[in-house]
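A look at the structure
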Amino acid sequence: KAGVTQTPRYLIKTRGQQVTLSCSPISGHRSVSWYQQTPGQGLQFLFEYFSETQRNKGNFPGRFSGRQFSNSRSEMNVSTLELGDSALYLCASSLGVSSYNSPLHFGNGTRLTVT
Amino acid sequence: TQLLEQSPQFLSIQEGENLTVYCNSSSVFSSLQWYRQEPGEGPVLLVTVVTGGEVKKLKRLTFQFGDARKDSSLHITAAQPGDTGLYLCAGASNNDMRFGAGTRLTVKP
């Protein structure tokens, strides 16, 4: 059974640009969550999607957005990139409606560097 | 401010030693999970604890959930170099999952 797949693995962008990251969940998983990981802040929750609907959102500015498709694949977009957006972006899928009652299965992340 | 405080932040020990890492919060959680993350990879679930006072063992790893469901500990017996990694705790409440910043463990051979 294939795990969670995130593309691309590495990305270098310039301040002011926008970026789209992709996540394919484990087959059968309908919940997808996104996290930002930095050395100083650890894993910060961005948002969670289930059946194409955003169910929960973390404390990030509106420049961070996401969506989920009918096949459960998800994308997140960051517009007007800032240097502080440099981080490892992790996607996790789970079986359950909400991530709290189902274990999270993480992808290996997309490392975004903003210069 | 982290909802979940993990300590210590860094830990470097010799192979064969025992260690305990902690995950503390002022909030009550419906469940708490521990993950281990290795360089270049995403976190991998180790265990989920649900009941206050619950103790779970996974080979040399012992996990305990506090009676009030606000804190947890992870004890490793006879640590091995393969235990090296970032240990993350995650608490579930109000329909979301929040992570601590992690304890970075290095076990030297």
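Read on for a plain summary of the structure. These numbers come from a predicted model, not from an experiment. (Residues numbered from 1 in each chain as written. Chains lettered and ligands numbered in written order. Predicted model: local features only at pLDDT ≥ 70, side-chain atom pairs only at ≥ 80, totals over all residues. Heavy atoms only, no water.)

**Considering the overall build of chain A**
In terms of regular secondary structure, chain A is built from zero helices and 11 strands. Scanning chain A from its N terminus toward the C terminus, one meets helices and strands in the order β-β-β-β-β-β-β-β-β-β-β. Based on the C-alpha atoms only, the size of chain A along its principal axes is roughly 35 × 25 × 25 Å. With 115 residues in all, chain A has 51% of them scored as buried. In chain A, once contacts between residues fewer than 6 apart in sequence are set aside, the share between residues at least 24 apart is 55%. For chain A, the accessible area works out to roughly 5300 Å², and carbon and sulfur atoms hold 47% of it. Computed over 11 positive and 5 negative side-chain charges, the separation of the two mean positions in chain A equals 4 Å. (Helix = DSSP H or I, 4+ residues; strand = E, 2+ residues; numbered from the N terminus. Buried < 20%, exposed > 50% of the residue type's maximum accessible area, 1.4 Å probe, protein only. Contact = heavy atoms within 4.5 Å. Areas by Shrake-Rupley, 256 points an atom, 1.4 Å probe, with all protein chains shown as cover. Lys, Arg positive; Asp, Glu negative; His and termini not counted. Charge placed at Lys NZ, Arg CZ, Asp CG, Glu CD.)

**Regarding the sheet that holds strand E3 (residues 19–24) of chain B**
Residue and element names in this part refer to chain B. An order of E1-E3-E8-E7-E6 is seen for the five strands of this open sheet, with the pairing classed as antiparallel. Sheet topology places strand E1 (5–7) and strand E6 (55–58) at the edges, where each strand pairs with a single neighbour. Averaged over all adjacent pairs, the angle separating strand axes in this sheet is 15°, with direction ignored. Looking at chain direction, E1 and E3 are connected through three bridges and run antiparallel. The residue of E3 that forms the bridge with Ser-7 is Tyr-22. (Pairing = 2+ DSSP bridges. Axes fitted to C-alpha atoms, helices over the stretch in contact; angles between N-to-C directions.)

**Remarks on the environment of Ser7(B)**
All names here are of chain B. Secondary-structure assignment places Ser-7 in strand E1. Since its relative accessible area comes to 30%, Ser-7 is described here as partly exposed. The spatial distance from the C-alpha of Ser-7 to the C-alpha of Leu-19 is 12 Å, given a sequence separation of 12 residues. If sequence neighbours within four positions are ignored, Ser-7 has contacts with Val-21, Tyr-22 and Thr-103.

**A short note on the pairing of strand E3 (residues 19–24) of chain A**
Residue and element names in this part refer to chain A. Where strand E1 (residues 5–7) lies against E3, three bridges are found, and the strand directions are antiparallel. Paired with Thr-7 across the strands is Ser-22, a residue of E3. In terms of strand pairing, E3 meets strand E8 (residues 74–78) through five bridges, oriented antiparallel. From the neighbouring strand, Cys-23 faces E8, where its bridge partner is Ser-74.

**Remarks on the packing of aromatic side chains**
Evaluation of the coordinates by the stated rule reveals nine aromatic pairs over all chains. Taken together, a centroid distance of 5.7 Å and an interplanar angle of 85° make the contact between Phe106(A) and Tyr35(B) edge-to-face. Of this pair, Phe106(A) sits in strand E10 (residues 105–106) while Tyr35(B) sits in strand E4 (residues 31–37), which puts the two residues in different chains. Overall, Phe106(A) belongs to the buried group, its relative accessible area being 10%. (Phe/Tyr/Trp six-rings, centres within 6.5 Å; stacked < 30°, edge-to-face > 60°.)

**What to know about unusual backbone geometry**
Residue Pro8(A) is reached from Thr7(A) by a cis peptide bond, and omega for that bond is -10°. By the secondary structure assignment, Pro8(A) is in the loop between E1 and strand E2 (10–13). Ser7(B) connects to Pro8(B) through a cis peptide bond whose omega is -10°. Positive phi values are uncommon outside glycine, yet Glu52(A) reaches one of about 70°. The residue Glu52(A) is located in the loop between strand E5 (42–50) and strand E6 (53–57) in this model. Here Glu52(A) falls in the partly exposed class, since its relative accessible area comes to 46%. One non-glycine residue, Lys59(B), lies in positive phi territory at about 55°. Inspection of the secondary structure puts Lys59(B) in the loop between E6 and strand E7 (61–65).

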